[in-house]
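Secondary and tertiary structure notes
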Amino acid sequence: MPLHDRIIPYLERVGLYHLARLNSEWFWLDEPLVSAFVERWRPETHTFHLPFGECTVTLQDVAFQLGLPVDGEAVSGCLGEFETYMEGGRPAWEWFEDLFGERPPPNKVKQMTVHFTWFRDRFRVLPVDASEETVRIYTRAYIMMMLSTQLFGDKSANRVHIRWLPFVANLDDMGRYSWGSAALAWLYRCMCRVANRNVTNLTGPLQLLQSWIFWRFPSLRPEGWSAYLPPNDGKEQRVIRYRLALDRLTACDVSFIAVRVFIFASLSKCD
């Protein structure tokens, strides 16, 4: 999905611009590597059990790698009875039409989700002479797709949930939420589901998990990892190799350089 120049100011205001910039730069997911780590996830402590001790993805990692705000109000009410948060109790699809100017065709709707292709095709090209209200509509669509696919993806993998309507309805207020905290909580929840229920398909912000692995464990990071394209074949053998590599890890194999750089940059802004 193209990142139009006119929606960038809105993304900056809500704290999602850095994540949007990563859209075209994300590396491909290495499923065997991620699976090997998930096997060592302990729901009781929300940590990975490794030979030298416990470690996990933190809010600091989220802020550093995704640039998401980690301070502010909690993102709540969107994963359960989200319709109760809608203005005046209006039906969800009426509100959707108010915010986007139209409803998706019935064959693109399933329960409370819209197929990703409808959003992509409908809001791909921003008209040159678009009014400011049209720009806001395209911004809402971009944010809806980004939240549903990059941060809070589920097993459908190709659907946009309308639970985000209460947030995109007022773009000026979105910046007050801690999107980094919500993304980290969703990652924890998804990994706990796999550990507790024998779920075979892992969902959630897996690029965040893989980015954390590459930053924290340089020995597991491939050359040219920013443009890394893992092979599709031999996945079972690669999982075995990653398991052995994890068994050999020591505390000296963990990198804390990223943390020091992040702290130094934060302190510099305060001067």
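First, a word on what this report is: a plain description of the structure on this page. (Residues numbered from 1 in each chain as written. Predicted model: local features only at pLDDT ≥ 70, side-chain atom pairs only at ≥ 80, totals over all residues. Heavy atoms only, no water.)

**What about the sheet that holds strand β3 (residues 53-55)?**
Cut-off, in case you're wondering: Only strands joined by at least two bridges in the DSSP assignment are considered to pair. Helix and strand assignments follow DSSP, with helices taken as H or I runs no shorter than four residues and strands as E runs no shorter than two, numbered in order from the N terminus.
Strands sit in the order β1-β2-β3 across an open sheet of three strands; the sheet is antiparallel. Where the open sheet ends on each side, the last strands, each with one partner, are β1 (41-42) and β3. Across two bridges, β1 lies against strand β2 (residues 47-50) in antiparallel orientation. For W41, the partnering residue across the bridge sits in β2 and is F48.

**Some remarks on the packing of helix α3 (residues 31-38) against helix α11 (residues 235-247)**
Our working definition: Every angle, taken between N-to-C directions, lies between 0 and 180 degrees, and every axis is a line fitted to C-alpha atoms, over only the stretch in contact when it is a helix. To sort the angles, those under 35 degrees are grouped as roughly parallel, those over 145 as roughly antiparallel, those from 65 to 115 as roughly perpendicular, and the leftovers as oblique. Take the far helix as your reference; a near helix turned counterclockwise from it by less than a right angle gives a left-handed crossing, and one turned clockwise gives a right-handed crossing. In this analysis, two residues are considered to be in contact whenever any of their non-hydrogen atoms come within 4.5 Å of each other. Think of it as three bins: nonpolar holds Ala, Val, Leu, Ile, Met, Phe, Trp, Tyr, Cys and Pro, charged holds Asp, Glu, Lys and Arg, and polar takes everything else, Gly as well.
Interaxial distance between α3 and α11 falls to 8 Å at its minimum, and their mutual angle equals 45 degrees. As far as their axial angle goes, α11 and α3 are oblique. α11 is crossed by α3, and the crossing has right-handed handedness. Listed contacts from α11 to E31, P32, L33, A36 and F37 of α3 are K235, R238, V239, Y242, R243 and L246. For the contact of α3 with α11, a count of residues per class yields seven nonpolar, no polar and four charged.

**Quick word on the sheet that holds strand β6 (residues 159-161)**
Here we have three strands laid out as an open sheet, ordered β4-β5-β6, and antiparallel in their pairing. In this open sheet, the two strands that pair with only one neighbour each are β4 (109-110) and β6. Sheet analysis places strand β5 (residues 113-115) next to β6, joined by three bridges and oriented antiparallel. From the neighbouring strand, V114 faces β6, where its bridge partner is V160.

**Let's talk about the pattern of salt bridges**
Definition in use: Definition used for salt bridges: Asp or Glu carboxyl oxygen within 4 Å of a side-chain nitrogen of Lys or Arg. Exposure categories follow from relative accessible area, calculated using a 1.4 Å probe and restricted to protein chains: below 20% of the type maximum is buried, above 50% is exposed, and the middle band is partly exposed.
Per the stated rule, a full pass over the model turns up 13 salt bridges. With a closest N to O distance of 3.2 Å, E31 and K235 form a salt bridge. On the criterion of sequence distance, the pair formed by E31 in helix α3 and K235 in helix α11 is long-range, its members being 204 residues apart. Its salt-bridge partner being D173, residue R176 comes within 3.4 Å of it at the nearest N-O pair. Assessed through its relative accessible area of 35%, R176 is described here as partly exposed. You can call D173 partly exposed: its relative accessible area is 32%. Among the charged side chains, a network of salt bridges with common partners joins E73, D173 and R176.

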